[in-house]
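Structural overview
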Amino acid sequence: MSVYYRWKTFDEDEDRPEKPRRYGVTEMRGPQYSLLSHNMLQDIFESMGQFVDGLKFSGGSHSLMPKSFIKEVIDMAHQHDVYVSTGDWAEHLLHKGPSGFKEYVEECKSMGFDTIELNVGSLGVPEETLLRYVRLIKSGGLKAKPQFAVKINKSDIPMGGDRAFGAYLPPKPQSSELIEDVDLLIRRAERCLEAGADMIMIDADDVCKDAESLRADIIAKVIGRLGLEKTMFEASSARTAEWFVKCYGPKVNLFVDHSQVIGLECLRGHNLGKNNASFRSSPYYFLS
């Protein structure tokens, strides 16, 4: 049986915070699964830009686009106070060697990106290297957002037992087996936050990809340890977004498709109507 706790809504004693917001952040998926043209993005920003905090080029989609187009999109987003995130593309640059990542940060900054996302699972680097990447991003004047998955490669899980500092550890054979380890995810995320990361993104896989199989236990543990303001979850469907807002209130940070922005804002308690009964069946229809 599902139990929903009574969380405070914005309109009980405060207005919807103005951008830039520290909580209640709505990050919108950019071009990846569907082609969002320049004109379509312009329409989205002009009609509902006040409800969009960030735009994410998912899956490294920006690497396939002309730099002139990317710059136009970034400039357009900034005109509407929308930050722009790279999405998870950094892992594809590691073959360039140690200097490759620093060059990537510098290029992102020159293009106008505000946030660099790091897909920790895809990067496959030691924890100290990950923390160095976070510090490089911060020293470059950008925001860092590591993305963690709840399932971790078995060979990446530290060995137990007492060991002297600096003791030799024989390399572990690589494994394709994935093991759920929420505590390890949280410990690594905490270290990233200590190193200066601005937000922790939680991968939807095995956590919140489907509303029917949401892992409420994992979500509660992550938010309880890291804090609501420092975590962001992907709401891959309208029902998933509804669950998050009902359980954790309007201050939860969510990553959604452009078609969900208006419905999500209604759920957050904006004056469009916080009890939007037709939310699940009514996407942003005039863009479809």
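Further up the page is the structure itself.
Let me begin by describing the structure that accompanies this report. (Residues numbered from 1 in each chain as written. Predicted model: local features only at pLDDT ≥ 70, side-chain atom pairs only at ≥ 80, totals over all residues. Heavy atoms only, no water.)

Observations concerning the packing of helix α5 (residues 127-139) against helix α6 (residues 182-194)
The test is simple: The convention used is that axes are lines fitted to C-alpha atoms, helices contributing only their stretch in contact, and that angles between N-to-C directions extend from 0 to 180 degrees. Secondary structure follows DSSP: runs of H or I at least 4 residues long count as helices, runs of E at least 2 residues long count as strands, and numbering of each begins at the N terminus. The crossing is said to be left-handed when, going from far helix to near helix, the turn is anticlockwise and less than a right angle, and right-handed when the turn is clockwise. What makes two residues a contact is simply this: any of their non-hydrogen atoms within 4.5 Å.
As a packed pair, α5 and α6 sit with axes 9 Å apart at the nearest point and diverge in direction by 35°. In the packing of α5 onto α6, the handedness of the crossing is right-handed. Residues E127, E128, L130, L131 and V134 of α5 lie in contact with α6, whose contacting residues are R188, R191 and C192.

Considering the pairing of strand β1 (residues 26-29)
Rule in force here: Here the term buried applies to any residue with accessible area under 20% of the maximum for its type, exposed to any over 50%, and partly exposed to those in between, with areas from a 1.4 Å probe on protein chains only. A pair of strands counts as paired when DSSP detects no fewer than two bridges linking them.
Alternating positions in β1 separate into two faces, T26 and M28 on one and E27 and R29 on the other, with burial throughout. Relative to strand β10 (residues 253-256), β1 runs parallel, the two being bridged by three bridges. When the bridges of β10 are listed, M28 appears paired with V256. Relative to strand β2 (residues 54-56), β1 runs parallel, the two being bridged by three bridges.

Quick word on the nonpolar core
Inclusion rule: We define a nonpolar core as any set of buried Ala, Val, Leu, Ile, Met, Phe, Trp, Tyr and Cys residues linked to one another through side-chain atoms lying within 4.5 Å.
Residues L118, I219, V222, F233, F244, Y248 and L254 are the most contacted members of the largest nonpolar core, which totals 72 residues. Ignoring anything within four residues of it in the chain, the contact list for I219 reads V207, C208, L214, F233, W243, F244 and Y248. Counting five residues, the second-largest nonpolar core is a separate cluster that includes M199, M201, M232 and F255.

Points about the side chain of K56
We apply this condition: Think of a polar contact as two N or O atoms within 3.5 Å of one another; within protein, one of them needs to be a possible hydrogen donor and the other a possible acceptor, and neighboring residues in sequence only count if both atoms come from side chains.
In this structure, K56 sits in strand β2. Among the polar contacts made by the side chain of K56, one reaches the side chain of E117 at a distance of 2.8 Å. Ignoring anything within four residues of it in the chain, the contact list for K56 reads E27, M28, R29, G30, S85, G87, E117, Q147, M201 and F255.

Some points on the pattern of salt bridges
Where we set the bar: Salt bridge, as used here, is a side-chain nitrogen of Lys or Arg placed within 4 Å of a carboxyl oxygen of Asp or Glu.
Counted according to the given criterion, the structure contains 21 salt bridges. In this structure, E117 and K145 form a salt bridge, with 3.6 Å as the shortest nitrogen-oxygen distance. Of the two residues, E117 sits in strand β4 (residues 115-119) while K145 sits in strand β5 (residues 143-148), which places them 28 residues apart along the sequence. The pair E117 / K145 is uniform in exposure class, with both members buried. Across the pair K138 and D198 runs a salt bridge, and its minimum N-O distance is 3.0 Å. Taken together, the positions of K138 in helix α5 and D198 in the loop between α6 and β8 (200-202) put the pair 60 residues apart, joining distant regions of the chain. A residue is classified by how much of its surface remains accessible, and D198, at 22% relative accessible area, is partly exposed. Each of E27, K56, E117 and K145 takes part in salt bridges that share partners, so that together they form one network.

What about α6?
Our working definition: One less than the number of residues in a helix, times 1.5 Å, gives the span that helix is expected to have.
Its 13 residues place the ends of α6 18 Å apart at the C-alpha level, agreeing with the 18 Å of an ideal helix rising 1.5 Å per residue. Of all the positions in α6, only V182, L184, L185, I186, R188, A189 and C192 are classed as buried. Tucked into the core, α6 has its buried residues touching α5, β5, β6 (151-153), β7 (178-180), β8 and α7 (216-226). Looking at where α6 begins, the residue whose side-chain oxygen comes 3.5 Å from the main-chain nitrogen of D183 is D181. G196 sits one or two positions beyond α6 and adopts a positive phi of about 120°.

Let's talk about the packing of helix α1 (residues 38-48) against helix α2 (residues 67-79)
For the record, the criterion: An angle below 35 degrees is read as roughly parallel, one above 145 as roughly antiparallel, one from 65 to 115 as roughly perpendicular, and any other as oblique. When residues are grouped by polarity, Ala, Val, Leu, Ile, Met, Phe, Trp, Tyr, Cys and Pro land in nonpolar, Asp, Glu, Lys and Arg in charged, and all others, Gly among them, in polar.
Where α1 meets α2, the axes come as close as 10 Å, and the angle between the chain directions of the two elements is 10°. Between α1 and α2, the angle falls in the class roughly parallel. Along its contact with α1, which presents H38, L41, Q42 and F45, the element α2 presents F69, E72, V73, M76 and A77. In terms of residue class, the contact of α1 with α2 is built from six nonpolar, two polar and one charged.

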